[in-house]
Amino acid sequence: MIEFLQQWYRRHFSDPQVALLAVLLVAGFAVLYFAGDVFAPLLIAAVLAYVLDGAVEWLVSFRLPRILAVLIVFLLFLSVLLAVMVWLLPLLIRQAGQFFSEVPQMANKGQALLLQLPERYPEFITREDVISVISQIRSELGSFGQKVVSLSISSVVNLLTILVYMVLVPVLIFFLLVDKQKIFDWAGS
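Residues numbered from 1 in each chain as written. Predicted model: local features only at pLDDT ≥ 70, side-chain atom pairs only at ≥ 80, totals over all residues. Heavy atoms only, no water.

## Structural notes on the overall build of the protein
Here's step 1: Scanning the protein from terminus to terminus reveals five helices and zero strands.
Here's step 2: Here the C-alpha atoms of the protein give a radius of gyration of 28 Å, more than 25% beyond the 16 Å that 2.2 N^0.38 yields for 189 residues.
Here's step 3: By its C-alpha atoms, the protein is 80 × 60 × 30 Å across when sized along the principal axes.
Here's step 4: Intrachain contacts of the protein at a sequence separation of at least 6 include 55% that bridge at least 24 residues. (Helix = DSSP H or I, 4+ residues; strand = E, 2+ residues; numbered from the N terminus. Rg over C-alpha atoms; globule rule 2.2 N^0.38 Å. Contact = heavy atoms within 4.5 Å.)

## Here's the deal with the nonpolar core
Here's step 1: If you look at the biggest cluster of nonpolar residues, it comprises 14 residues, and the most contacted ones within it are Leu52, Val56, Val70, Val73, Ile173 and Leu177.
Here's step 2: For this core, the secondary structure elements donating two or more residues are α2 (16-60), α3 (66-120) and α4 (127-178).
Here's step 3: Beyond its immediate stretch of four places on either side in the chain, leucine 52 contacts Val73, Phe77, Ile173 and Leu177. (Core = buried A, V, L, I, M, F, W, Y, C linked by side-chain atoms within 4.5 Å. Buried < 20%, exposed > 50% of the residue type's maximum accessible area, 1.4 Å probe, protein only.)

## Some details on unusual backbone geometry
Here's step 1: Phi is positive for arginine 63, which is not a glycine, with a value near 65 degrees.
Here's step 2: Positionally, arginine 63 belongs in the loop between α2 and α3.
Here's step 3: Given a relative accessible area of 78%, arginine 63 falls into the exposed group.

## Considerations on the packing of aromatic side chains
Here's step 1: Inspection of the entire model under this criterion finds four aromatic pairs.
Here's step 2: Of the aromatic side chains, those joined through ring pairs into one cluster are Phe74, Phe174 and Phe175. (Phe/Tyr/Trp six-rings, centres within 6.5 Å; stacked < 30°, edge-to-face > 60°.)

## Details of a nonpolar patch on the surface
Here's step 1: Together, Leu21, Leu25, Phe29, Val31, Leu32, Val38, Phe39, Leu42 and Leu43 line one region of the surface with nonpolar side chains, adding up to about 830 Å² of accessible area.
Here's step 2: Tracing the backbone through its elements, the reader meets valine 38 in helix α2.
Here's step 3: Relative accessible area serves as the criterion here: at 64%, valine 38 is assigned to the exposed category. (Patch = residues over 30% accessible without salt bridge, like charges linked within 9 Å, V, L, I, M, F, W, Y side chains within 5 Å. Areas by Shrake-Rupley, 256 points an atom, 1.4 Å probe, with all protein chains shown as cover. Salt bridge = Lys/Arg side-chain N within 4 Å of Asp/Glu carboxyl O.)

## Brief notes about α2
Here's step 1: Relative to the 66 Å expected for 45 residues at 1.5 Å per residue, α2 spans just 40 Å between its end C-alpha atoms, considerably shorter than the ideal helical length.
Here's step 2: For α2, the principal kink sits at glycine 36 and spans about 100 degrees. (Expected span 1.5 Å × (residues − 1). Bend = angle between axes of the 7 residues up to and from the residue.)

## Brief notes about the side chain of aspartate 53
Here's step 1: If you trace the backbone, aspartate 53 turns up in helix α2.
Here's step 2: A polar contact is formed between the side chain of aspartate 53 and the side chain of lysine 180, at a distance of 2.7 Å.
Here's step 3: Not counting residues up to four positions away in its chain, the partners in contact with aspartate 53 are Arg66, Leu177 and Lys180. (Polar contact = N/O pair within 3.5 Å; in protein donor to acceptor, adjacent residues only side chain to side chain.)

## Topic: the pattern of salt bridges
Here's step 1: Enumeration over the complete set of coordinates arrives at four salt bridges.
Here's step 2: Between lysine 180 and aspartate 53 there is a salt bridge, with the nearest N and O atoms lying 2.7 Å from each other. Of this pair, lysine 180 sits in helix α5 (residues 180-188) while aspartate 53 sits in helix α2, and the two are 127 residues apart along the sequence. For the pair lysine 180 and aspartate 53, one class covers both residues: buried.
Here's step 3: A salt bridge links arginine 66 to glutamate 57, with the nearest nitrogen and oxygen atoms 2.8 Å apart.
Here's step 4: Taken together, the shared-partner salt bridges connect Asp53, Glu57, Arg66 and Lys180 into one network.

## Some points on the confidence of the model for the protein
Where the model shows low pLDDT, its predicted coordinates should not be examined in detail.
Here's step 1: Averaged over every residue, the pLDDT of the protein is 83; the share at 70 or more is 95%.
Here's step 2: Averaged pLDDT values over the elements of the protein bottom out at 75 in helix α1 (residues 2-13) and peak at 87 in α5. (pLDDT = per-residue confidence, 0-100.)

## Observations regarding the packing of α2 against α3
Here's step 1: Put simply, α2 and α3 touch, their axes get as near as 9 Å, and they point 130 degrees apart. The orientation of α2 with respect to α3, classified from their angle, is oblique. α3 is crossed by α2, and the crossing has right-handed handedness. Contact residues: α2 offers Leu48, Leu52, Asp53, Ala55, Val56, Glu57, Leu59 and Val60, while α3 offers Arg66, Ala69, Val70, Ile72, Val73 and Phe77.
Here's step 2: Across the contact of α2 with α3, the residue classes tally to 11 nonpolar, no polar and three charged. (Axes fitted to C-alpha atoms, helices over the stretch in contact; angles between N-to-C directions. Parallel < 35°, antiparallel > 145°, perpendicular 65-115°, else oblique. Left-handed = near helix turned anticlockwise from the far one by under 90°. Nonpolar A, V, L, I, M, F, W, Y, C, P; charged D, E, K, R; others polar.)

Below is the structure:
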């Protein structure tokens, strides 16, 4: 077994460039795993800036100054983001409210359907089995309700994180777009 691993290692990692790539990949994944929360806004901003850079370059091709092209694209991006949030967020909140108001009615209908099973299939299921299943479902729903309450309390931290991201990511996008050439020059040196 050890000889097999040694042959595999020699076959794949004899080239120094492949070994360097493997080390860089492992180091990159380790950094993302251990410090991903810190780098998440920067990674999100870098991806979005990369996507928006095409529009900036397109506007620059019409002899617009880069800073003006960045401002136009960035303001358009913020406008679309704000419009989606204004349209989508109330819709999601309304849908969630409707769902949670319908849950008791759905539970009652499910209980009524379960209670019909012993009448339809008396040879397979008894009334005691159905009552046992219903009580088990009720206890699970109760524990689910407790989890929802605990999640809503802990979601205050998540809400603050999202609010910070909503400010930090657009600022990072703007500066990544504006300072693209400086960043590339620094990385190239």
